[in-house]
Amino acid sequence: AVLWDSGLALDEAAALLGHYPDGRSHKKGTEMEGVTTGVFLGETLLAAASERGSFLAVYRVNDPAAPELLQILPTGISPEGVLAVTGRTDGKALLVTANEGDGPLNIFSARESAPAADPTDPRIVSKSIFWSAVSGLTTDGTFLYAVPDNAWAPSRIWRIDMSGLQSGTVEVDRAIPLHKDGKPVAYDLEGICRTDEGFWLVSEGKTGAENLLLFADEGGAVKAEYPLPETLLAAHGDPKNYGFEGVATADGKTVYVALQRGFDPEKSDAAILRFSVASGTWETAAYPLERHSKNAKKFWMGLSDVVLADPSTLLVVERDKGMGGTAEVKRIYAVDLKCYTDGGRLAKRLVCDSAAERGLLLEKVESLVLLNGHMWIATDNDGAGWTRLLDLGPVR
C-alpha cells in the first residue's frame, strides 16, 4: 500500500532553491533516481536523490506515513547512486552520492548543529519565487539583479535581497517579467547591466545576426533591440552559437559586450565589442584566450561576463569547459579600455583565480558583479543543480 505521496511539494521546494529543471516538466521533472535510509543522530532518515535536479532530499521518517522534509543538499551533476553509511567505529553517520554527470562522489556527515554561516558563500533561497540558471548579474548598490538563460521562458529578471548576507542566506524576492509591445518575450539572456534608466541585456543567438543587445526599462518593457550588423559579420565572420555573453556600461551611451569565443571559434581569441548608442555603430577588439593544458578542444576557453571596475577598466570572466579535476581556468582578468582600438588586440592582467584561491571547480563560472567594492561571482546551473554565489574580495 502507498503510505505517503509527496505530490508537488518536493518539486516546489526544489524550485525555491533553484534546483528544478523546468525543461523536464513534461517528463519526470526532478526524476528521483534512488533512495536510502539509515539512523542518524537517533532519527530514522530517508535520502532521495534527484538525477535531474542534482540534489538529495533528506526526510525524517520516524512515522513513515508522515515524512518531514528536513533539507535539500546540492550534489554533483546527476546523482545516480546514494548510500547511507552508519555503524562506523568513530560514530560518524554519512550519506554518499555517486554523480554520473561530472564524476565525483559527495560525502555528507550528520551533525548536531548547522555549520557556521559563511557570508562569502551564501545560500540563495526564496519564499515564493521559483528561480535557477543564473547567467548574468548586476546591482543597484543594494540589491542584485539576475537573469536566466534559455532554461526559462518567457524571460525575466530576478531581484536578490542581500540584507541577510551575514546569516549566510540571501533571498530571491521579486521577479520582473520581460515584455515587448505588451506581450511576453523569450530570449537566451546571458548578461545584464543596470543603469539609472533601466537594464541593458544581451541575448545569445545560434547565428551572429541573432545575437541581440537589448534595453528594457525598470518594469521589464523592452524598448530597443540592437543586432550585430551584417557588415560586421561579413568583415569578421559568424560566431555561430558562441555569441553574446556579458554586457557593461557606465553611462548607457557606450556599451561593452563580450563575444564568447570571438568571430571564429577555431582561433584562440574572443572579442570585446563596443557599441555607440547614439550612432548605432559597432567596434571590435580581439581578446587573447588561455589554452587548456590537457585537451584544448574539449575544454575550450570562452568569456562569460564583463563589468566595469571604473570607466577605463573592464573586468572579464574567462573560463574553460572543465570541471572538477579538469578545471583549470576560472579567472577574472582586467582590460585597460584606454588602449581599446577598433580592430586592435587587447592586453589583460590577472585579477583573481577563483579555482586556485577559492576552490571553485564547477564548470560554468558565469556571472560577475561588483557590490560594495567586492567582486561577486555566480555559477550557472543550466536549470538545475548547485548555484554558488561567492565573494572574491576587492579588485586587486
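Here goes a summary of the coordinates provided. (Residues numbered from 1 in each chain as written. Predicted model: local features only at pLDDT ≥ 70, side-chain atom pairs only at ≥ 80, totals over all residues. Heavy atoms only, no water.)

**Looking at the pattern of salt bridges**
Logical step 1: For the structure shown, the criterion picks out 25 salt bridges.
Logical step 2: In this structure, the salt-bridge partner of Arg 52 is Glu 31, at a minimum N-O distance of 3.3 Å. Of the two residues, Arg 52 sits in the loop between strand 2 (43-50) and strand 3 (55-60) while Glu 31 sits in the loop between helix 1 (9-16) and strand 1 (32-40), which places them 21 residues apart along the sequence.
Logical step 3: Residue class for Arg 52 comes out partly exposed when judged on its relative accessible area of 34%.
Logical step 4: Using a relative accessible area of 12% as the deciding quantity, one classes Glu 31 as buried.
Logical step 5: Between Asp 217 and Lys 223 there is a salt bridge, with the nearest N and O atoms lying 3.9 Å from each other.
Logical step 6: Relative accessible area serves as the criterion here: at 22%, Asp 217 is assigned to the partly exposed category. (Salt bridge = Lys/Arg side-chain N within 4 Å of Asp/Glu carboxyl O. Helix = DSSP H or I, 4+ residues; strand = E, 2+ residues; numbered from the N terminus. Buried < 20%, exposed > 50% of the residue type's maximum accessible area, 1.4 Å probe, protein only.)

**Quick word on the side chain of Glu 328**
Logical step 1: Within the fold, Glu 328 resides in the loop between strand 24 (313-320) and strand 25 (330-336).
Logical step 2: Within polar-contact distance, the side chain of Glu 328 engages the side chain of Ser 293 at 2.4 Å.
Logical step 3: A distance of 3.4 Å separates a polar atom in the side chain of Glu 328 from a polar atom in the side chain of Lys 294.
Logical step 4: Those residues in contact with Glu 328 that lie beyond four places of it in its chain are His 292, Ser 293, Lys 294, Asp 320 and Ala 355. (Polar contact = N/O pair within 3.5 Å; in protein donor to acceptor, adjacent residues only side chain to side chain. Contact = heavy atoms within 4.5 Å.)

**Concerning unusual backbone geometry**
Logical step 1: Of note, the amide linkage connecting Ala 153 to Pro 154 takes the cis form, showing an omega dihedral of -5°.
Logical step 2: Within the secondary structure, Pro 154 is located in the loop between strand 10 (143-148) and strand 11 (156-161).
Logical step 3: One non-glycine residue, Lys 28, adopts positive backbone phi at about 75°.
Logical step 4: Position of Lys 28 relative to the elements: it lies in the loop between helix 1 and strand 1.
Logical step 5: Positive phi values are uncommon outside glycine, yet Glu 31 reaches one of about 50°.

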